Every structure is written in structure tokens, then in C-alpha cells.
Amino acid sequence: MTDTIKKWGMLIDSSKCIGCHSCTVACQNQNELPPRDNFNRIEEREYGKFPNFSRRFLPVQCQHCDNPPCVKVCPVGASYKRQDGVVMVDAQKCIGCKYCLLSCPYNVRVISEEYGHVHKCNFCIEMVLKGEKPACVTTCPMGVRVFGDLNDPGGEISIALAKVSHIRLLKELNTKPSIYYVIK
């Protein structure tokens, strides 16, 4: 048996999200972020018109794109993509030019006021490499997120993706995100 390269991804079912922000707080704690910074935001969206409308919450974070514009524009190579699909920032190389912030169509990067470099969601890679799941996944009381190896056909995320209709945000931009959203 050969080892296959893992490709980390996430499936988000926003219809389950109650907007409690536990994922946001867990992410801030995991990454020791100040309260003003977050890698994981919850957008409130309304659908329909009065009296037939509904409100949904949409968790948005780094989409860990296969074709990441942030990596292409970085003049010093601080933004890079790992072989397992996780888009990272090397804080030692980052010069704080903010090109990556401007190029990201998901608006999910943050510049550290304290250190002057860009940082972002890294899928809690240090936890994932230990066999754990990202903090936003384990903290959610509603089970909104499924995380796993997209290259494992028997894995939880592959099975979940096969069972539901899904989309990727801003598909028309050809960034090829690794985060999928359930359509209901």
C-alpha cells in the first residue's frame, strides 16, 4: 500500500449555523489573536422579501484555493501553498505589503498590527498533523463543518460530499477553493 498525498478540505452546511460565533472565538483562542482580528467570520445574509424571507449565517474563512491569487502576488514568497493544499504565510518572510490582502476575493487575511505581517487561517495545521481537527470544527455545537482528506474516498468529507449538492464560493474566479458549501 502506498501513501497518497493528503488534500485537506472542508464542507460547510450553513443551514445548520445559528450564528453563535463559537468557531470565531475558538479560532481566535487557537491562534492567540486579539479580539479585533479573526480568521473566521460569520456573514448574515437575508433571502427573499417580506413576508417570505429567511436569514442565514455563512461562515467564511480562507478557502485554501488550488489556484490562490494571494500566492501569485506575493513579491517575497511569504504566501505559499503546501503540498497538502493548505495555503500558508511565512511570517519571517512577509514584508507587510498587503498585496495578498488586496488579491484575496474572500477578504479573509488579516495584518497583525503588533508584528506588521499578514496572517490567516491555516486549517490549524499543527493540530491536523497530530490527527486532530481544526478548532472551528470541534467547537461548533451544530456540527456545521466536516473536515478531512479530499483524496481519501472513504473519508468523512468525501462521503459527505457525495451525499449532498454543494458549491464553492466565487467559482467563476477559478480560484478552486478547498472549502465546499452545502446547497439546500
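Please refer to the structure higher up on the page.
Quick caveat: nothing in here was measured; it's all calculated off a predicted structure.

1. Here we look at helix α1 (residues 22-30)
Alright, step 1. Within the sequence span of α1, burial applies to Ser-22, Cys-23, Thr-24, Ala-26, Cys-27 and Gln-28.
Alright, step 2. The inward-facing, buried residues of α1 contact β2 (40-49), α5 (135-139) and β8 (145-149).
Alright, step 3. Of the residues one or two after α1, Glu-32 is the one with positive phi, at around 50°.

2. Examining the nonpolar core
Alright, step 1. Membership of the largest hydrophobic core comes to 32 residues, with the highest contact counts inside it found for Trp-8, Met-10, Phe-123, Phe-147 and Tyr-181.
Alright, step 2. The set of elements that each furnish at least two residues to this core consists of β1 (8-12), α1, β3 (52-61), α4 (125-128), α5 and β10 (179-182).
Alright, step 3. In contact with Phe-123, other than residues within four places in its own chain, are Trp-8, Gly-9, Met-10, Gln-61, His-64, Val-86, Val-128, Pro-134, Phe-147 and Ile-179.

3. Side note on the pattern of salt bridges
Alright, step 1. Scanning the entire structure with this criterion turns up eleven salt bridges.
Alright, step 2. One salt bridge connects Asp-66 with Lys-81, and the closest N-O pair in it is separated by 3.7 Å. Of this pair, Asp-66 sits in the loop between β3 and α2 (69-73) while Lys-81 sits in strand β4 (residues 79-81); the two residues are 15 residues apart in sequence, bridging distant segments of the chain.
Alright, step 3. Residue Lys-81 is classed as partly exposed on the basis of its relative accessible area, which comes to 28%.
Alright, step 4. When salt bridges that share partners are traced, they join Lys-7, Asp-66 and Lys-81 into one network.

4. Looking at the pairing of β3
Alright, step 1. Bridge count for β2 against β3 is ten bridges, and the pairing is antiparallel. Looking across to β3, one finds that Gly-48 is bridged to Phe-53.
Alright, step 2. Between β2 and β3, which pair antiparallel in sequence order, lie two residues.

5. Some words on the sheet that holds strand β9 (residues 166-167)
Alright, step 1. A sheet is described by the order of its strands in space; here four strands give the open sequence β8-β1-β10-β9, paired in mixed fashion. The strands lining the two open edges of the sheet, one partner per strand, are β8 and β9.
Alright, step 2. Relative to β8, β1 is paired through five bridges, and the arrangement is antiparallel. Residue Ile-12 lies in a different strand from β8, and its bridge partner there is Arg-145.
Alright, step 3. The strands touched by helix α6 (residues 156-163) within the sheet are β1, β8, β9 and β10, with β8 carrying the most contacts at an inclination of about 120°.

6. Details of the packing of aromatic side chains
Alright, step 1. Under the counting rule described, the total for this entry stands at three aromatic pairs.
Alright, step 2. Ring geometry for Trp-8 and Phe-147: centres 5.4 Å apart, planes at 15°, overall stacked. Of this pair, Trp-8 sits in strand β1 while Phe-147 sits in strand β8, and the two are 139 residues apart along the sequence. Accessibility assignment for this pair places Trp-8 and Phe-147 in one class, buried.
Alright, step 3. Judged by centre distance (6.4 Å) and plane angle (40°), the rings of Phe-50 and Phe-53 are tilted.
Alright, step 4. According to the relative accessible area criterion, Phe-53 is partly exposed, its value standing at 45%.
Alright, step 5. Among the aromatic residues, those joined into a ring-pair cluster are Trp-8, Phe-123 and Phe-147.

7. Focus on the state of the cysteines
Alright, step 1. By the definition in use, this model includes zero disulfides.
Alright, step 2. The thiol sulfur of Cys-20 is not disulfide-bonded, and the nearest other cysteine sulfur, from Cys-140, lies at 6.1 Å.
Alright, step 3. No disulfide involves Cys-70; its sulfur sits 6.3 Å from the nearest other cysteine sulfur, which is in Cys-104.
Alright, step 4. Assessed through its relative accessible area of 8%, Cys-70 is described here as buried.

8. So, a nonpolar patch on the surface
Alright, step 1. Together, Val-73, Tyr-99 and Leu-102 give the surface a local cluster of nonpolar side chains, amounting to about 330 Å² of exposed area.
Alright, step 2. Looking at the secondary structure, you find Val-73 in helix α2.
Alright, step 3. Owing to a relative accessible area of 33%, Val-73 belongs among the partly exposed residues under this scheme.

Definitions and limits used
- Residues numbered from 1 in each chain as written.
- Predicted model: local features only at pLDDT ≥ 70, side-chain atom pairs only at ≥ 80, totals over all residues.
- Heavy atoms only, no water.
- Buried < 20%, exposed > 50% of the residue type's maximum accessible area, 1.4 Å probe, protein only.
- Helix = DSSP H or I, 4+ residues; strand = E, 2+ residues; numbered from the N terminus.
- Contact = heavy atoms within 4.5 Å.
- Core = buried A, V, L, I, M, F, W, Y, C linked by side-chain atoms within 4.5 Å.
- Salt bridge = Lys/Arg side-chain N within 4 Å of Asp/Glu carboxyl O.
- Pairing = 2+ DSSP bridges.
- Axes fitted to C-alpha atoms, helices over the stretch in contact; angles between N-to-C directions.
- Phe/Tyr/Trp six-rings, centres within 6.5 Å; stacked < 30°, edge-to-face > 60°.
- Disulfide = S-S within 2.5 Å.
- Patch = residues over 30% accessible without salt bridge, like charges linked within 9 Å, V, L, I, M, F, W, Y side chains within 5 Å.
- Areas by Shrake-Rupley, 256 points an atom, 1.4 Å probe, with all protein chains shown as cover.

Honestly, it's all geometry; don't read function into it.
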